Amino acid sequence: MLNASSVVVLDFETTGLSPDMGDRAIEIGAVRIENGEITGRFQQLMNPGRRVSGFIEDYTGISNVMLKGAPSCAEVMYEFADFIHGYNLVAHNASFDKRFLDAELGQVSRRYSGEFACSMLVARRIYQHSPDHKLGTLVRYANIPSEGVFHRALYDSEMAAKLWLSMLDSINKQYGLNEIPFKLMQKIAKTPKHSVAKLLKLY
DNA sequence: TGCCAGGCCCTCTTTAGGGCCTT
């Protein structure tokens, strides 16, 4: 799976910002894309074993009542490891989701083989004129239809997936690259803004 | 109960500080 148009785009809702400080996942959502088409979806609430704060209930719409009946993080993440097996991974601000993926899979002794790319870092370079680079703003900027509620895992992963495909399309149209390797997207994310055009013209 | 992070990126930079993004 070396092509950027075949990836799993994922998004976590969590109890807070840092697994190192004891925060846990409460929902995982993911969309599998193969050759630019959505071919699979994964969504599951998970019980972190303690109450979540009022802030998180308000922010995500996920309540303690909803989590009470949900399966454990271990149960869900074990299954999720199968869903992502063999795919490269994309997330909006990937460093955040990678930390939680590593922490939660570590708890169930599962690993993954794919590499991460960050849609936010790519968007800062490909959509430089967007007012900001929050997921919701970029979705509007790219004219992607959206009717759901942000801050739920499946919806955010689906919007990030469409943003990812939109950026691949923009690169294709602007630079004539229709087969974009995943490695090139990772390289774009690390290239200084002012050098991205040069990188893609020479590719 | 209340608190917390970390990587990127810009600039009035590099012996640093602060905003952006994610929950």
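One can find the structure itself at the top, above this paragraph.
Fair warning: this is a prediction, and the values are worked out from it, not measured in the lab.

Student: Mind showing me how you'd approach the nonpolar core here?
Tutor: Note on soluble globular proteins: their nonpolar side chains tend to be buried together. With 35 residues, the main nonpolar core has Ile126, Trp164, Met185 and Ile188 as its most contacted residues. For this core, the secondary-structure elements that each account for two or more residues are strand E1 (7–14), strand E2 (25–34), helix H5 (119–126), helix H6 (135–141), helix H7 (153–175), helix H8 (182–190) and helix H9 (196–202). Per-element tally for this core: the top contributor is H7, with ten residues. Excluding its chain neighbours within four sequence positions, the residues that come into contact with isoleucine 188 are Val122, Arg125, Ile126, Ile171, Val196, Leu199 and Leu200. Core analysis: the next-biggest nonpolar cluster, separate from the first, contains 27 residues, Val8, Ala81, Ile84 and Ala91 among them.

Student: It is not clear to me how helix H3 (residues 73–84) should be interpreted in this structure. Could you clarify?
Tutor: Side chains of residues three or four places apart in an α-helix project in the same direction, reflecting 3.6 residues per turn. Here H3 is twelve residues long and its end C-alpha atoms lie 16 Å apart, about the 16 Å a rise of 1.5 Å per residue gives. Buried within H3 are the following residues: Cys73, Val76, Met77, Phe80, Ala81, Phe83 and Ile84. One side of H3 carries all its buried residues, which in axial view fall inside an arc of 155°. In this fold, the buried residues of H3 make contact with E1, E2, strand E3 (37–45), strand E4 (88–91) and helix H4 (94–107). Directly after H3, the chain includes glycine 86, whose backbone phi takes a positive value near 90°.

Student: Please explain the protein's contact with DNA strand B as it appears in this structure.
Tutor: Around DNA strand B, the surrounding shell holds 29 residues, and the nearest of these are Glu13, Tyr59, Asn93, Arg125 and His133. Across the atoms of DNA strand B situated within 4 Å of the protein, the share located in sugar and phosphate is 65%. At a separation of 3.1 Å, a sugar or linking oxygen of DNA strand B approaches a polar backbone atom of threonine 14. A distance of 2.6 Å separates a phosphate oxygen of DNA strand B from a polar atom in the backbone of histidine 133. Those elements giving two or more residues to the surface near DNA strand B turn out to be E1, helix H1 (54–60), H4 and H5. Broken down by class, the residue content of the surface near DNA strand B amounts to eleven nonpolar, eight polar and ten charged.

Definitions and cut-offs
Residues numbered from 1 in each chain as written. Chains lettered and ligands numbered in written order. Predicted model: local features only at pLDDT ≥ 70, side-chain atom pairs only at ≥ 80, totals over all residues. Heavy atoms only, no water. Core = buried A, V, L, I, M, F, W, Y, C linked by side-chain atoms within 4.5 Å. Buried < 20%, exposed > 50% of the residue type's maximum accessible area, 1.4 Å probe, protein only. Helix = DSSP H or I, 4+ residues; strand = E, 2+ residues; numbered from the N terminus. Contact = heavy atoms within 4.5 Å. Expected span 1.5 Å × (residues − 1). Arc of directions from axis to C-beta. Near = heavy atom within 4 Å. Polar contact = N/O pair within 3.5 Å; in protein donor to acceptor, adjacent residues only side chain to side chain. Nonpolar A, V, L, I, M, F, W, Y, C, P; charged D, E, K, R; others polar.

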